[in-house]
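Observations on chain architecture
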Amino acid sequence: MEHEFTKIIKKILKENFGVSGEQVFAVSELIQYLNIKTKSANKGSKSRGSFANLYAIYVLAEDYFLKNFHQSEKHSDYEGAVYTNIFKRQRELPFGQKLQNHALNHRLNEEFKRYFPTCDFIPVLRNPKTNRYWFNENLLKVKIQENVHNIAETVIQIIDAYVEAKRDSFEKFLQLCKEAQALTEGQVIEFIKQLLAPTVDARIFEIVSYSILKYYYSDRSIYWGYEVDRL
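In this report, the structure presented in the accompanying data block is examined. Fair warning: this is a prediction, and the values are worked out from it, not measured in the lab.

Details of the pattern of salt bridges
- Using the criterion set out here, one finds 15 salt bridges in the structure.
- Between Arg-89 and Glu-92 there is a salt bridge whose closest N-O contact spans 3.5 Å. With Arg-89 and Glu-92 both in helix 5 (residues 83–92) and three residues apart, the pair spans about one turn of that helix.
- Residue Arg-89 is classed as partly exposed on the basis of its relative accessible area of 25%.
- Residue class for Glu-92 comes out partly exposed when judged on its relative accessible area of 46%.
- Of the charged contacts, one joins Lys-141 and Glu-137 as a salt bridge, the two residues approaching to 3.8 Å between their closest N and O atoms.

In structure tokens:
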């Protein structure tokens, strides 16, 4: 699968691994998964941001990278990341304030297995008794011929680039809304129609849809029930 953001992924891979970048893209299930999950960077309103699963990868890859396991062989001795720390880190990231723990606990692994049923590894390893988490190092090491490339930093860079693309899209939407205040009624109608088009980001689509409904029902009373005295 290739889409608009695939170019960014391949650009990052080329910068980090040179001529081996294309091969890393081709053989790494984790990079392929990121490619699948970032298609909404430039796609339509039906495409979700996928922040939950991407951030589950991000916080554990970041924990791995910051502890310099990409430069040592000590990851197998690591006691694991504390759940409260990585969960807090998720919510500190852009668009992550409302994220729950589902991706860390099972959702990411289940989806990854659906996409790559023949892969021997899952991304998130955890010990339910100690509530400690690890990113599966087998997915962070990519062998190209005789060379083993660690992609931990690359994974972080790809997700950072995706978040920046989503944030840029949202900021442009806010700027357009400010500029729309100077439009005529007919121009505003056309502007709103454009924001409901299939090529619009999912969050923008939802905001505009909600705004229309809020305006429509602002001067109406709604009753729920089947009888007037039993609402």
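Having seen the model, we can carry on.
Let's talk about the pairing of strand 5 (residues 147–150)
- Examined bridge by bridge, strand 4 (residues 141–144) and strand 5 share four bridges and lie antiparallel to one another. Each residue of the ladder has a partner; that of Lys-143, found in strand 5, is Val-148.

Some words on the side chain of Glu-62
- Among the structural elements, Glu-62 can be located in helix 4 (residues 51–66).
- Assessed through its relative accessible area of 14%, Glu-62 is described here as buried.

A word on the layout of surface pockets
- Taken as a whole, the largest pocket encloses approximately 340 Å³ of empty space.
- The wall of the largest pocket is formed by Phe-173, Cys-177, Ala-180, Val-188, Phe-191, Ile-192, Leu-195, Ile-207, Val-208, Ser-211, Ile-212 and Tyr-215.
- Only helix 7 (152–180), helix 8 (185–195) and helix 9 (202–216) provide two or more residues apiece to the lining of the largest pocket.
- For the lining of the largest pocket, the leading source of residues is helix 9, giving five residues.
- Taken together, the residues that form the lining of the largest pocket break down as 11 nonpolar, one polar and no charged.

Some words on the sheet that holds strand 1 (residues 81–82)
- One open sheet holds the three strands; their spatial order is 1-3-2, and the pairing between them is antiparallel. Edge positions in the open sheet fall to strand 1 and strand 2 (124–127), since each of these has one partner strand only.
- Alignment of strand 1 against strand 3 (residues 132–135), held across two bridges, turns out to be antiparallel. Bridge pairing in strand 3 places Val-82 opposite Arg-132.
- Across the sheet, helix 6 (residues 102–115) is in contact with strand 2 and strand 3; its angle to strand 2 comes to roughly 145°.

Observations regarding the packing of aromatic side chains
- Taken as a whole and assessed by the stated rule, the structure comprises 14 aromatic pairs.
- Judged by centre distance (4.9 Å) and plane angle (25°), the rings of Phe-51 and Phe-95 are stacked. With Phe-51 in helix 4 and Phe-95 in the loop between helix 5 and helix 6, the pair connects residues that are 44 residues apart, well separated along the chain. Phe-95 carries the same exposure label as Phe-51, and that label is buried.
- With centroids separated by 5.5 Å and ring planes inclined at 20°, the aromatic side chains of Tyr-83 and Phe-87 adopt a geometry described as stacked. In this pair, Tyr-83 and Phe-87 are both assigned in helix 5, four residues apart and thus about one turn of the helix distant.
- Under the relative-accessibility criterion, Phe-87 is labelled buried at 18%.
- Taken together, the ring pairs connect Phe-5, Phe-51, Tyr-55, Tyr-58, Phe-95 and Tyr-162 into an aromatic cluster.
- Over the ring of Phe-25 we find Lys-10; its NZ or CZ atom is 4.9 Å from the centre of that ring.

A word on helix 4
- Here helix 4 is 16 residues long and its end C-alpha atoms lie 21 Å apart, about the 22 Å a rise of 1.5 Å per residue gives.
- Most of helix 4 sits inside the fold, with 13 of its 16 residues counted as buried.
- Phi turns positive, to about 60°, at Asn-68, one or two residues after helix 4.

Quick word on the pairing of strand 4
- What you see with strand 4 is a clean split: Val-142 and Ile-144 sit on the buried side and Lys-141 and Lys-143 on the side with no burial.
- Between strand 4 and strand 5, which pair antiparallel one after the other, the connecting turn spans two residues, and Gln-145 there sits at a positive phi close to 55°.

The rules behind these values
- Residues numbered from 1 in each chain as written.
- Predicted model: local features only at pLDDT ≥ 70, side-chain atom pairs only at ≥ 80, totals over all residues.
- Heavy atoms only, no water.
- Salt bridge = Lys/Arg side-chain N within 4 Å of Asp/Glu carboxyl O.
- Helix = DSSP H or I, 4+ residues; strand = E, 2+ residues; numbered from the N terminus.
- Buried < 20%, exposed > 50% of the residue type's maximum accessible area, 1.4 Å probe, protein only.
- Pairing = 2+ DSSP bridges.
- 1 Å grid on protein atoms, 1.4 Å probe; cavity = no way out; pocket = protein on both sides within 12 Å on 5 of 7 lines; lining within 4 Å.
- Points joined across faces, edges and corners; volume = space filled by probe spheres on them.
- Nonpolar A, V, L, I, M, F, W, Y, C, P; charged D, E, K, R; others polar.
- Contact = heavy atoms within 4.5 Å.
- Axes fitted to C-alpha atoms, helices over the stretch in contact; angles between N-to-C directions.
- Phe/Tyr/Trp six-rings, centres within 6.5 Å; stacked < 30°, edge-to-face > 60°.
- Lys NZ or Arg CZ within 6 Å of the ring centre and 35° of its normal.
- Expected span 1.5 Å × (residues − 1).

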